[in-house]
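Chain and residue survey
Here is how the chains run, residue by residue.
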Amino acid sequence: MPDPFIDLHTHSSVSDGTERPADLVRAASSAGLDALALTDHDTTAGWDEAIATARTLPMTLLPGLELSTRIGYRSVHVLGYLVDPTHPGLVAETQRIREGRVDRAMRMVERIARDHPVSWQDVIAQASPGATIGRPHIADALVAAGLEADRSAAFRGILHPAAGYYEPHEAPSPLAGVELIRAAGGVPVIAHPAASTRGIVLDERALEDLVEAGLGGLEVDHRENLTHGKRVLLDWADRYGLFVTGSSDYHGTGKPNRLGEHRTAERAFRTIVASATGSEPVVGDGSRLTV
Ligand code: AMP
Ligand code: FE
Ligand code: FE
Ligand code: ZN
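Analysis parameters
- Sequence order sets the numbering: in each chain, residues are counted from 1 along the sequence as written.
- A letter from A marks each chain and a number from 1 marks each ligand, given out in the order of writing.
- Confidence filtering applies because this is a predicted model: local features only for residues at pLDDT of at least 70, side-chain atom pairs given and counted only at 80 or more, and all residues used for totals across whole chains, interfaces and linings.
- Excluding hydrogens and water, the side-chain figures rest on all heavy atoms present in the structure.
- As a rule, N, O and S atoms within 2.8 Å of a metal are its donors, except that Na, K and Ca use 3.2 Å; water is not among the atoms, so sites may look incomplete.
- Each label reflects the angles at the metal, where four donors whose angles all fall between 85 and 135 degrees are tetrahedral, four or six donors whose opposite pairs open beyond 155 degrees and whose other angles stay between 65 and 115 are square planar or octahedral respectively, and the rest are irregular.
- Every helix listed is a DSSP run of H or I at least four residues long, and every strand listed is a run of E at least two residues long, numbered separately from the N terminus.
- Residue exposure (1.4 Å probe, protein chains only): buried if accessible area is under 20% of the type maximum, exposed if over 50%, otherwise partly exposed.
- Within this analysis, the arc is defined by the directions that extend from the helix axis to the C-beta atoms.
- In protein, a polar contact requires one atom able to donate a hydrogen and another able to accept it; more generally it is a pair of N or O atoms within 3.5 Å, and residues adjacent in sequence count only if both atoms are side-chain atoms.

Digging into the coordination of the zinc ion (ligand 4)
- The zinc ion (ligand 4) binds to the protein through His9 (NE2), His11 (NE2), Glu66 (OE) and Asp249 (OD), with metal-donor distances spanning 2.1 to 2.3 Å.
- Considering all four donor atoms around the zinc ion (ligand 4), angles at the metal cover 77 to 165° and the coordination shape is irregular.
- Between the donor residues of the zinc ion (ligand 4), the gaps in sequence give the motif H-x1-H-x54-E-x182-D.
- Here the zinc ion (ligand 4) and the iron ion (ligand 2) are spaced 4.4 Å apart. Of this pair, His11 sits in the loop between strand 1 (6-7) and helix 1 (21-30) while Asp249 sits in the loop between strand 7 (243-246) and helix 10 (266-275), placing them 238 residues apart in sequence.
- Here His11 falls in the buried class, since its relative accessible area comes to 1%.
- Among the residues examined, Asp249 registers a relative accessible area of 2% and is labelled buried.

Quick word on the coordination of the iron ion (ligand 2)
- Summarising the metal site, the iron ion (ligand 2) is bound by the protein donors Asp16 (OD), His41 (NE2) and His251 (NE2), whose distances to it range over 2.1 to 2.2 Å.
- The sequence pattern formed by the donor residues of the iron ion (ligand 2) is D-x24-H-x209-H.
- Here the iron ion (ligand 2) and the iron ion (ligand 3) are spaced 5.4 Å apart. Within this pair, whereas Asp16 is found in the loop between strand 1 and helix 1, its partner His251 is found in the loop between strand 7 and helix 10, the two being separated by 235 residues in sequence. Each member of the pair, Asp16 as well as His251, is classed as buried.

Examining helix 1
- For helix 1, the set of buried residues is Pro21, Ala22, Leu24, Val25, Ala28 and Ser29. All buried residues of helix 1 project into a common sector of 165° when viewed along the axis, lining one side.

Remarks on the side chain of Ser196
- Note on placement: Ser196 falls in the loop between strand 5 (187-190) and helix 8 (204-212).
- One polar contact links the side chain of Ser196 to the main-chain amide nitrogen of Arg198, over a distance of 2.8 Å.

Function-wise, these values are silent; they only describe arrangement.
Below you can see the structure in the form of structure tokens.
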């Protein structure tokens with residue numbers, strides 16, 4: 001039997017992806033994936049729809065989220081798999097982050113609007129009701145207004161920190177994020193840790209604290225991780241006993257990333273399932289990847 005085909009990082013329209021959770025799950029099954037994780041930014045609101053769809057398909061779903069954390073201006077994303085979505089601390093903290101994202105997006109739009117014809121209403125029109133608001137929705141409003149060609153152009157242009165409109169949003173420290181995901185019974189993995197040209201998002205000292213707090217793994221195979229950084233990450237994984245993952249970070253038509261463009265080995269998948277206590281993977285009808 002060939003190795004199972006596993007992609008553990010994707011977004012739906014519940015955050016900044018462009019497809020509804022049900023459509024995302026169907027697309028993953030059509031693409032031949034045996035396992036998929038839904039990891040919307042700071043929300044588990046897409047879980048029910050994704051779970052209901054996955055049950056009917058020959059695939060396994062790991063419900064998760066991508067928690068926003070930061071150190072100063074540097075944002076650090078922490079994937080959390082199989083958390084308990086009703087954990088009071090997690091519910092409160094994700095709500096606080098989502099609200100902080102709205103405040104920050106409003107402030108950014110206010111400043112952009114001084115120089116470009118775009119309004120907060122234009123941004124809201126680009127997001128599904130209740131979605132976690134992010135710069136991608138501002139990007140879509142800029143595209144709709146004819147000010148940028150597409151999301152990627154907007155991130156290189158008006159939304160780039162160098163353009164002067166950027167600001168960070170409220171978010172806990174990576175350490176608090178890892179602790180919270182573990183407290184909610186989930187398994188924390190640092191997303192795209194080597195995606196910055198300034199190097200890896202954390203130094204080794206900070207990593208040691210995260211390992212102490214229960215960090216499970218590092219997302220190494222990701223299109224934005226730089227080659228040198230990946231070598232350091234593999235070395236760290238080896239030294240600190242962390243598993244490594246590979247994933248697409250699919251956002252539908254919002255990013256060039258294609259489903260399954262990077263994969264996670266079955267062994268890492270099984271480590272996640274074995275160490276999570278917050279919720280269960282969903283094994284759909286006829287899935288090759290039983291747990
Ligand atoms: P925010 O968290 O609001 O600062 O926005 C960052 C999000 O924008 C990330 O989650 C990415 O998925 C998305 N993003 C970053 N760069 C790009 C890009 N070039 N094209 C489309 N989406 C992007
Ligand atoms: Fe995103
Ligand atoms: Fe991310
Ligand atoms: Zn992501």
